[in-house]
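Remarks on the overall topology
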Amino acid sequence: MMSLWHDYKAAWIAAGVVAVGLMMSTIVVSEDEQAVVVQTGRPVRVYNPYVANADYGQTGAGVHWRIPLIEQVIRIDKRLLSVDMQQQQVLSTDQQRLNVDAYARYRIVDPVKMVRSAGTTERVTQQLEPILSSVVRQELGKRTFQSLLTAERGAAMENIRKLLDREAAEYGAQVVDVRIKRADLPEGALAAAFVRMEAGRQEEAKTITAQGQRDAQIIRAEADAQAAKIYADSFGKDAQFYDFYRAMQSYSVSFGKGTPESPNGAKTILLSPDNAYLNHFREP
Amino acid sequence: MAGRNSPWGGGGDDGRGEDGSGGEGSDGADASGGQPEEPQSETPERKGPRNPWLPSGDGTPPRRSASIEDIFRGRGEQRRTGGGGGGPRMPGGFPNLPRRPDGKSWLPLGIGAAVLVVLGFSSVHMLGPKEQGVVTTLGKYSRTVDSGVSVTLPWPIEQVKVVDTSSFKVVMIPDNENEKLMLTSDKSLVDLSYLVRWNIKGLKDYTFRLADPDETVQEVAEAAMRASIAQVSLGQALSGAGRAQVEQDVGERMQRILDFYRSGIAIQGVEIKKADPPAKTKGAFDNVNVAQQEAERDRSQARAAAQQVIARAQGEATAFDKVYEEYKLAPDVTKRRMYYETMERVLSDNDTVVGEKGANTVLPLPPMQRRAPVAAPGDISVSAPSASDSAGAQ
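Procedures and definitions
- Residues numbered from 1 in each chain as written.
- Chains lettered and ligands numbered in written order.
- Predicted model: local features only at pLDDT ≥ 70, side-chain atom pairs only at ≥ 80, totals over all residues.
- Heavy atoms only, no water.
- Contact = heavy atoms within 4.5 Å.
- Buried area = accessible area lost by both parts, 1.4 Å probe.
- Salt bridge = Lys/Arg side-chain N within 4 Å of Asp/Glu carboxyl O.
- Polar contact = N/O pair within 3.5 Å; in protein donor to acceptor, adjacent residues only side chain to side chain.
- Helix = DSSP H or I, 4+ residues; strand = E, 2+ residues; numbered from the N terminus.
- Nonpolar A, V, L, I, M, F, W, Y, C, P; charged D, E, K, R; others polar.
- Pairing = 2+ DSSP bridges.
- Phe/Tyr/Trp six-rings, centres within 6.5 Å; stacked < 30°, edge-to-face > 60°.
- Buried < 20%, exposed > 50% of the residue type's maximum accessible area, 1.4 Å probe, protein only.
- Lys NZ or Arg CZ within 6 Å of the ring centre and 35° of its normal.
- Axes fitted to C-alpha atoms, helices over the stretch in contact; angles between N-to-C directions.
- Core = buried A, V, L, I, M, F, W, Y, C linked by side-chain atoms within 4.5 Å.
- pLDDT = per-residue confidence, 0-100.
- Expected span 1.5 Å × (residues − 1).

Structural notes on the interface of chain A and chain B
Taken together, the contact pairs 96 residues of chain A with 105 residues of chain B. Regarding the contact of chain A and chain B, the summed buried area is about 9,400 Å², with carbon and sulfur atoms giving 62% of it. For the interface between chain A and chain B, the tally reads seven salt bridges. Between B:D321 and A:K237 there is a salt bridge whose closest N-O contact spans 2.9 Å. For the pair chain A and chain B, the number of links is 23 residue pairs in polar contact (both at pLDDT 80 or more). Top contributing element to the side of chain A that touches chain B by residue count: helix α7 (residues 187-235) of chain A, with 26 residues. Split into classes, the residues belonging to the side of chain A that touches chain B amount to 47 nonpolar, 24 polar and 25 charged. In the sheet, strand β10 (residues 268-271) of chain A pairs with strand β10 (residues 351-354) of chain B via four bridges, with the strands oriented parallel. Each residue of the ladder has a partner; that of A:L271, found in β10(B), is B:V354.

Quick word on the packing of aromatic side chains
Here a ring pair, both rings aromatic, is described through the centre-centre distance and the interplanar angle of the planes. Residue and element names in this part refer to chain B. According to the stated counting rule, one finds 19 aromatic pairs over all chains in the structure shown. The interplanar angle of 40° and the centroid separation of 6.1 Å between the aromatic rings of W198 and Y206 together place this pair among those described as tilted. On the basis of relative accessibility, which here comes to 2%, the residue W198 falls in the buried class. On the basis of an interplanar angle of 40° and a centroid distance of 6.1 Å, the ring pair of F260 and Y261 is categorised as tilted. Residue class for Y261 comes out buried when judged on its relative accessible area of 1%. In this structure, K169 packs its charged tip against the face of W198, placed 5.2 Å from the ring centre.

Focus: the sheet that holds strand β2 (residues 131-137) of chain B
Strand-to-strand pairing in sheets goes through backbone hydrogen bonds, with the strands running parallel or antiparallel. All names here are of chain B. Strand order in this open sheet of three strands is β3-β2-β5, and the pairing throughout is antiparallel. Two strands lie at the open edges of the sheet, namely β3 (140-145) and β5 (158-164), each paired on one side alone. Direction aside, the axes of adjacent strands within the sheet are offset by 25° on average.

Remarks on the nonpolar core
Grouped burial of nonpolar side chains is what soluble globular proteins tend to show. Counting residues in hydrophobic clusters, the biggest one holds 88 residues, and the most contacted among them are B:Y194, B:M225 and B:M254. When sequence neighbours within four positions are dropped, the list of residues in contact with B:M254 reads B:V196, B:V217, B:V220, B:A221, B:A224, B:I267 and B:V270. One finds A:F235, B:F320, B:Y339 and B:M343 within the second-largest nonpolar core, a separate group that totals 29 residues.

Describing the pairing of strand β2 (residues 33-39) of chain A
Residues and elements named next belong to chain A. Among the seven residues of β2, six are classified as buried, and the element is accordingly described as predominantly covered. Pairing analysis gives five bridges linking β2 to strand β3 (residues 42-47), with the strands arranged antiparallel. Across the sheet, residue A35 finds its bridge partner in β3, namely Y47. From the end of β2 to the start of β3, which pair antiparallel, there are two residues, and T40 there has a positive phi angle of about 45°.

Examining the confidence of the model for chain B
Residue and element names in this part refer to chain B. With 63% of its residues at a pLDDT of 70 or more, chain B shows a mean pLDDT of 73. Note that residues 372-394 has pLDDT below 50 and, in this model, 29 contacts with residues that lie over four places away or in other chains. ipTM for the predicted complex: 0.75, alongside a pTM of 0.64.

Topic: unusual backbone geometry
All names here are of chain B. Of the consecutive residues I173 and P174, the connecting peptide bond is found in the cis state with omega at -5°. With respect to the element layout, P174 can be found in the loop between β6 (169-173) and β7 (181-183). A positive phi angle is found at K187, which is not glycine, with a value near 60°. Positionally, K187 belongs in the loop between β7 and β8 (189-200). Assessed through its relative accessible area of 24%, K187 is described here as partly exposed.

A short note on the sheet that holds strand β5 (residues 71-77) of chain A
Residue and element names in this part refer to chain A. Taken in spatial order, the three strands of this open sheet run β3-β2-β5, and their pairing is antiparallel. Either end of the sheet is taken by a strand with one partner, and the two such strands are β3 and β5. With strand direction ignored, the average angle separating the axes of adjacent strands in the sheet is 30°.

Quick look at helix α11 (residues 240-260) of chain B
Residues and elements named next belong to chain B. Between its first and last C-alpha, α11 extends 30 Å over 21 residues, near the 30 Å set by a 1.5 Å rise per residue. Listed in full, the buried residues belonging to α11 are G242, V246, V250, G251, R253, M254, Q255, I257 and L258. Phi turns positive, to about 55°, at R262, one or two residues after α11.

Topic: the pattern of salt bridges
The tally for this structure, following the rule as stated, stands at 32 salt bridges over all chains. Ionic pairing is found between A:R161 and A:E158, a salt bridge with its closest N-O pair at 3.2 Å. Of this pair, A:R161 and A:E158 are both found in helix α6 (residues 156-168), three residues apart, which corresponds to roughly one turn of the helix. Take A:R161: its relative accessible area is 18%, and that puts it in the buried class. Among the residues examined, A:E158 registers a relative accessible area of 35% and is labelled partly exposed. Between B:E219 and A:K181 there is a salt bridge, and its shortest N-O distance comes to 3.3 Å. Of this pair, B:E219 sits in helix α9 (residues 213-229) while A:K181 is found in strand β9 (residues 173-184), placing the two residues in two different chains. Neither B:E219 nor A:K181 differs from the other in exposure class; each is buried. Salt bridges here are not isolated pairs; linked through shared partners, they connect A:R214, A:D215, B:E296, B:R299 and B:R303.

Description of the side chain of B:S263
Residues and elements named next belong to chain B. Along the chain, S263 falls in the loop between α11 and β9 (265-276). Separated by 3.3 Å, the side chain of S263 and the backbone nitrogen of I265 make a polar contact. Not counting chain neighbours up to four residues away, the residues in contact with S263 comprise G202, D205, Y206, L210 and L258.

Spelled out as structure tokens, the structure:
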């Protein structure tokens, strides 16, 4: 070991110097970052810049050269980044309030511009957040409450994206998408909504009860009508005979002993000798 | 050096082997070292003289004479022993002393072995059945390897990032028991909790495209769910069919957004676990249920009554029809028969008085207890006020 060192001291040192030199003059750029080479504060080259639709493996990622000590390398995220907007209140045109939570997705497409204007992606995110906030408020404030709820579909989000994109271009960023993550009622409106919902339920309950009663009545009436039709069809064949038949039934019920469950008491019936029943009583 | 080497016999040999380039010179040094060593270990008094500066200098240099290289070597060793000489002063440190020279010879071997192990581990990769790996060569994407054993260039040239791509990951929203209220199209609120199952369909995109894929899934899920719920009414959101529709809608919407991001993520399913009215309005919703049950009860009672009415009508009508058929065969006789049978029954069940026309018969008024015949069955009587009217029946 020692002899190795002693024999090839110069070679070792040379190798070390070369190794260190190599390490200092090469950079490894991975697929998910872009590298801006800066010389005395001035960007001179970009490695692995964002290219739309470039397939991974065909990009500029890999090993690159730089002049040690003179050139610094700033690495910038190449991935889709997120700006999260703090929840804020939006007032719709019909004076209703809504707490809106939105996010934007962006990527750095012009790293040189970004290095000059913001420096880091965190700074870009920081700068974009208030812009997103004001754009959202401004754009959603032009709409009715109902359309705020379904703002996802409308042109609102696209408008917001365009407005934000215009601002983001200053930072070399491209806004890909803006979405409303949440749209909630603020505290007061929430209580009002609960009251409204409860009132609605009470109305519904009453309606359901009334509908039930209505249906019951209809069912009964229909049955009565059907029964009447059955009677009429049957009895209508001979009204005179029905009158007699029914009278006989009626006498039985009214003057008879009744059923075992509700017996009739005995009565005294006073018959006139003229009674038809007694016709043959007088003469054969 | 020699003194330290010898107690470890084999170790010393290994050391020499390592130092192979030293050749003869080192052999000589060892041979010379062998002698001072024994007295050293057996007679501690000689430790004194074995002060770093003296004994080693005494023992070795005279023997060596051959080459300048050897002299240098000797000096080198001297220096080393000198450095280590601090050890013997402290008896506690003594046992440590022999290890060092060993380390000197073992160290490169150890390093070599470690390097080999690292190289081996970093160039052979075992991937589980559900895993895939992204291989990058010096940061640049090179290929995707599937499950099984694969070989790459060792670290740091090639690196493999292994990810479970097939297993479904599950995101619960919300991830606690709190109420999560969402606005429906009729400005009502629904308390919703749901889960999203997803896996990776494009490992390349998943690895490089998004800054935080997992968080992205969650945010996209929230945005999509709100958007879908805002399009249905509360009733639909609470009903089973409406829920299924929302689930499907959210899944498609999420997939569209994630594909637009080129995230390499596949949504496998959205499942609404709970869709309830807000807790504060629960009572009102329960009342609706009660009302529904009551209404249903009303309806079924009416239906039962209707059945009874119709059945009775059918029964009576049929009875009449049967009698009427008989009557048609012999109208006069049948009628008379029925009349007499009925009268017979009626009159035999009651007390009958035949009063002469114009006779001034005085009848006692019955007490007003007509509907309580059980009290005094025999005595109560009802007068038929216009018995003569019954003649009209004929």
